[in-house]
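# Commentary on secondary and tertiary structure
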Amino acid sequence: MNERIAKLKSNLQLESFPLCIEKFKLITQSLEETEGQPEILRRAKSLARVLDKITIFIEDGELIVGNAASKPMGLEIDHDYGPWSEEEIASLKDEGYTISAEEEAELKVLNSYYKGKSLVGRMGEVLYEDERLWPFMQSGVLFPPWKSREEGSGGGYAQGGLGLAPGFYLMGVDFAKVLNEGLQKIIAEAKEELKVLKFTSANAVKKCYFLKAVIIVLEAIIRFAHRFANLAKEMAAEEANSLRRKELERIAETCLRVLAYPARTFYEALQSFWFIFLLITPSPTAAAGRFDQYMYPFYKRDIEEGRLNDEEALELLQCLRIKDMQLNRISGKLNRQKNEGMAKWHNWTIGGLTPEAEDGTNELSYLILEAAKRCPTPHHTITVRVHEGTPEDFMLKALEVVKTGIGMPAFIGDKSYIEYFIRNGVPLQEARDYIVTGCLDANLPAQSRTASIAMFIVPRVFEITMHNGVDPHTGKQLGPRTGEVEQFTCFDEFMAAFKEQLAYFMRLNAERNNIELCAMKELLPDPVRSSLMSDAIKEGRDVLDRVMPFENGAVMNPVGMINVADSLAAVRKLVFEEKKITMKQLKEALAANWEGEYVEMRQMCLKAPKYGNDDDYVDLIARELYQYWAEVTGTFDTALGGKHLPTAISITAHGPGGALTGATPNGRFAGDVLADGTMSPMRGMDLNGPTAVIKSALKINQDPYQATLLNLKFHPSALKTTEDLRKLSCLIRTYFELGGKHLQFNVVDKETLLDAQKHPENHRDLIVRVAGYSAYFIKLGRAVQDEIIKRTEHQLTV
Amino acid sequence: MIESHNTKGLIFNVQYYSIHDGPGIRTTVFMKGCPLKCLWCQNPESQRLQREIFFELEKCTGCGICVQACSEGAIELFEGRSRTNRKKCSGTGRCAEVCPVEARKIMGRSVTAKEVFEEVARDALFYQRSGGGVTLSGGEPLAQPRFAVSVLKLCKDAGIHTTVDTCGYASWDTVQQVLSYADLVLYDFKHIDPAEHKRYTGVSNELILDNARKIYHELAIPMLARVPIIPTYNDSADNIKATTQFISSELGKNIKVHLLPYHRLGETKYERLEKMDLAVLIEPPAEEQMLALQEIVQSFGLEAVLGG
Ligand code: SF4
Ligand code: SF4
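Per chain, residue numbering runs from 1 following the sequence as it is written. As a convention, the first chain written is A and the first ligand written is 1, with the rest following in written order. Residues qualify for local features only when their pLDDT is at least 70, as the model is predicted, and side-chain atom pairs are given and counted only at 80 or more; totals for whole chains, interfaces and linings, by contrast, use all residues. Think of the side-chain values as coming from all heavy atoms in the structure, minus any hydrogens and water.

## As for the state of the cysteines
Disulfide assignment relies on a single distance test, namely cysteine sulfur atoms paired within 2.5 Å. Evaluated as defined, the whole model comprises zero disulfides over all chains. The structure places no disulfide on Cys167 of chain B, whose sulfur is separated from the nearest cysteine sulfur, that of Cys34 of chain B, by 5.1 Å.

Here is the structure:
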């Protein structure tokens, strides 16, 4: 790490982070002025106001500019998700976030403007009085449960990034187009299209609004870049240090050109990229797409023409890591539990097949990894696509980075990912160009987007099945009456009841998704993202208001499926086959949380077959469950025009989701965490090492899933030599060749983690992989910390 | 030697994804029983050719269930916890079955060669791709020769690469019969001086060194040398020099030498076997010392690797 990077990196380590309301204020002012105009125009104008007025600054030493919030390391209150209640603000202050008394008072006034106008408020309109859906929303089958009509699932967001909400889009905009053609071209196309527009249908009117909105925002973005050009010029004039003065002059020149026009150099391309990235955030899931592919021509040309060397490229790539670290985020209390440690998944996808079936790995792919090694920050995330022809050197390079303990890159298998798209009718060439959006979900750049993804806590449905549709925590009849389990005479009957309950709740999930999609579509059109999708100007529609070439608007996502598989195995074995316990006893034991006389029964349940040990008895149950989930998911339409598609990622919902779930027959106590990941075994239950885990996971057909997640934790001694890394690489390749989708590794020994719990001050920069993203260990909640420590460490011979 | 699928043996662990016991991804089968008694033994549960109880004192609640269950009257309660009279215990494992908190675990599993083979074959997928296979370790595989041969033969017939990790202390007859089914031998050199060897391990090393020569020259099986580095016992530069001298001049210069630093993971095992009196408390060697020893080996023109 050179001096510049070290200094910029040290700026990231603050004791407390400022909450900002400048963006909220600017947007509110603009919205007040535009009352009554079409929503998309109002939104466009409010964004233009932000870009024209928000405080901008360039930090000392920065090469890539564009601040994420009005204060360094600040978080702008995001109004689109609903108001921040006083209670929520108080809890943030307790956690060390700062806001001045005046601003807090102003915030209250701003909040009042939004009562009921937020996404949550709009969803509440439908959900609140619905007999089926409201109890469901409150039950915690979907995490987080809703508290009230106004507060939804717990407060809003505060985050860095200057664009429009909603944030939880999984999509990749067309960066290549911006870099290669510039925004002026899109503006010109939009103006041209407006000229020839004939108002022969309602859609034409919509299109007119859309095109005008696009022109407003894209022009504002160019002005925004020019503001930086002016600022850099002013700063250069006052700069005493001649080296820095030169840098500032270069920044000024670059910002004057980029975005409006095509980038000419690697540096210009990076600056262009960053401005666009600022405009597709705030978002915890903004994706850079195939960064090593579309950036490569710029890099290559510079290298060939002697304008750039690898050290300079590396410095810039590290600057970009630091810029991404400035995109802070925090959410309401309940959402904070769902994804801890300022969770975000700004994913850079590298390597993998090109559309022409060649290997896409290039020098830049290596440099991106090297930048992460030299500047080991938890963000941005890197995901390495692996196919048969991925060079072994590249695998080793990636594993070198894994070895540093920052939990990245993650590895994903081209084979199963591509198969997923093929199954859904995407042409092979396009499928090969897939990217990772969010933690692991896949999308096609500029061709698809996922806007709704909920966390479905499957073990809650298991509990409800055990009680004939009644939620044991509230005594309310929540699901259908599928029979008193004590009366069941065989396992098949039990399984059938569970499946019926599952399908019922999945339908409610799908309905809820559609309500969310419609609210988003109505309230939150986004001309920026929409203009950067394929055929945007010709289509003339917001990205949520058109059917995409690949339509995956909403996905359904099971959390804790493995706990249910283990539980079903225990029930089958102990109740129905060996008849060692009766269903009645089991229910009593679960109700008693295994306490008292049930200690021994818990031992029996713990010893029943567990997923993750290459044991067909339970693995085939897991397989059946995932198969069923995928099939049922595909029967539900989305409000955007396609079908729901299955995915299986858990973020960290397995922690709080577990907290809402009673004891389960796999031997788990009430409130304990659920299995993390979705292909991962329950922690501590895999006793035969990583190969057995992989074999278990391979029994599940992962192809229908948009993503799956398998965490393996290794002791550092398993990754010491290059030989060790080769073996790990072989493990990864084997998994992917046989249909696995994703693997990620946590490499840190237990002692270090325990010490970090005791002496957090000594481990401020300790990074671990949580579930699809990396985070500072000391910023995670205690429960998640404990869980990471307990997750089986695949160690060497003792 | 009559090998058979049904030959029984006593093992105490099957370790999958074993990556430091030979090439590729391997499965290591740890066999119970060892003719040596190294003072620093890090696997004390491997020494006796008999089932034993591993006891985790911290977990025991003193409920006394195991006391009732033991047919040998080997368990009593003491200071609120159970305690096992190891002389009386015959390794039935009954106590481990009934203990509600898993404070007791039985070490040692009696299995047929076929059963072990099936466990090993589960990972065949990974062997093919990584150039790995099975490693018999211990304990001492040569201490259960018929069983070892049976397992190795089954593996070889299935196309699985076989490795034997041995201390080399057995009659030539036994060595020859077992190792004829081995594709690779990991050979332990604990001390080069016969008297010191006897002092620390209970036996002299003449037979061991002699077997090494014959394995290498007569059987011509590829060999890796494994030298545990145990501070104050065998970690002197002189010993490593002499050991390397032996390997390079009496065996061959193409033998890779693995220097295995002592680790303290064995200490708790003595506790669990209630044999704390036998545990020696040694600090692991420092990194610099390991590097210095590595240099010594390299100075003979041999490849030297730190760790597995
Ligand atoms: S049964 Fe287990 S817990 Fe009870 S006394 Fe024996 S060892 Fe201790
Ligand atoms: S293993 Fe058998 S003999 Fe030994 S202590 Fe336990 S019950 Fe008694």
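Moving on, there is more to tell.
## Notes on the site of ligand 1
Throughout, near means a residue has at least one heavy atom within 4 Å of the molecule or strand. Around ligand 1, the structure places 13 residues, and the nearest of them are Cys60, Cys63, Gly64, Cys66 and Cys99 of chain B. Three residue categories are used. Nonpolar comprises Ala, Val, Leu, Ile, Met, Phe, Trp, Tyr, Cys and Pro, charged comprises Asp, Glu, Lys and Arg, and polar comprises the others, including Gly. Across the shell around ligand 1, the residue classes tally to eight nonpolar, four polar and one charged.

## Thoughts on the site of ligand 2
In the region of ligand 2, the neighbouring residues are Ile53, Cys70, Glu72, Ile75, Thr84, Cys89, Ser90, Gly91, Thr92, Gly93, Arg94 and Cys95 of chain B. Grouping the amino acids of the shell around ligand 2 by side-chain chemistry returns five nonpolar, five polar and two charged.

## Here we look at the domain arrangement of chain B
In many reports, interface size means the accessible area that the parts give up when they come together. All names here are of chain B. Note: domain ranges come from an automatic or database domain assignment. On domain assignment, one finds that chain B holds domain 1 (8-48 + 109-306) and domain 2 (52-106). Taken together, the contact pairs nine residues of domain 1 with nine residues of domain 2. Two parts placed together each lose some accessible area; with a 1.4 Å probe, that loss summed over both constitutes the buried area. Here domain 1 packs against domain 2, burying approximately 890 Å² in sum over the two surfaces, 45% of which is carbon and sulfur. A per-residue breakdown of the area domain 1 buries against domain 2 is headed by Arg272, Leu273 and Glu274, which together make up 69% of the total. The term salt bridge refers to a side-chain nitrogen of Lys or Arg lying within 4 Å of a carboxyl oxygen of Asp or Glu. Inspection of the domain 1/domain 2 interface yields six salt bridges. Glu52 serves as the salt-bridge partner of Arg48, at 3.5 Å between the closest nitrogen and oxygen. N or O atoms closer than or at 3.5 Å make up a polar contact, with two conditions inside protein: a donor-capable atom paired with an acceptor-capable one, and, for residues adjacent in sequence, both atoms drawn from side chains. At the junction of domain 1 and domain 2, the tally comes to six residue pairs in polar contact (both at pLDDT 80 or more). Taken together, the residues that form the side of domain 1 that touches domain 2 break down as one nonpolar, no polar and eight charged. Here a residue-residue contact requires only that any non-hydrogen atoms of the pair lie within 4.5 Å.

## Notes on the packing of helix H11 (residues 242-257) of chain A against helix H12 (residues 266-280) of chain A
Residues and elements named next belong to chain A. A fitted line through C-alpha atoms serves as each axis, taken over the contacting stretch for helices, and the angle formed by two N-to-C directions is quoted from 0 to 180°. Numbering goes from the N terminus for both helices and strands, where a helix is a DSSP run of H or I of at least four residues and a strand is a run of E of at least two. Look at H11 against H12: their axes get within 10 Å of each other, and the N-to-C directions meet at 65°. Pair H11 / H12 crosses with right-handed handedness. Here Arg250, Ile251, Thr254, Cys255 and Arg257 of H11 lie close against H12, whose contacting residues are Tyr267, Glu268, Gln271 and Phe275. In the contact of H11 with H12, the residues fall into four nonpolar, two polar and three charged. The handedness criterion is simple: a crossing whose near helix is rotated anticlockwise from the far helix by less than a right angle is left-handed, and one whose near helix is rotated clockwise is right-handed.

## A short note on the interface of chain B and chain A
Counting residues at the interface gives 25 residues for chain B, matched by 26 residues for chain A. Of the roughly 2300 Å² buried between chain B and chain A, counting both surfaces, carbon and sulfur atoms make up 58%. For the pair chain B and chain A, the number of links is two salt bridges. Note that Arg129 of chain B is salt-bridged to Glu737 of chain A, the shortest N-O span being 2.4 Å.

## Some thoughts on the pattern of salt bridges
Applying the stated rule across the entire model yields 77 salt bridges over all chains. Close ionic contact of Glu588 of chain A with Lys584 of chain A constitutes a salt bridge, the shortest N to O distance being 3.3 Å. With a gap of four residues between them, Glu588 of chain A and Lys584 of chain A both fall in helix H26 (residues 583-591), about one helical turn apart. Categorising residues by exposure relies on relative accessible area from a 1.4 Å probe, with only protein chains included: less than 20% of the type maximum marks a residue as buried, more than 50% marks it as exposed, and the intermediate range marks it as partly exposed. Residue Glu588 of chain A is classed as partly exposed on the basis of its relative accessible area, which comes to 33%. Linking Arg109 of chain B and Glu119 of chain B is a salt bridge whose minimum nitrogen-to-oxygen distance equals 2.9 Å.

## What about the sheet that holds strand E4 (residues 157-159) of chain A?
Pairing between sheet strands relies on hydrogen bonds along the backbone, with the strands arranged either parallel or antiparallel. All names here are of chain A. Taken in spatial order, the four strands of this open sheet run E1-E2-E4-E7, and their pairing is mixed. Each having just a single partner strand, strand E1 (19-20) and strand E7 (329-331) make up the two edges of the open sheet. Strands pair, by our definition, only if DSSP identifies at least two bridges between them. The pairing of strand E2 (residues 75-78) with E4 spans three bridges and is antiparallel. Paired with Glu76 across the two strands is Gln159, which belongs to E4.

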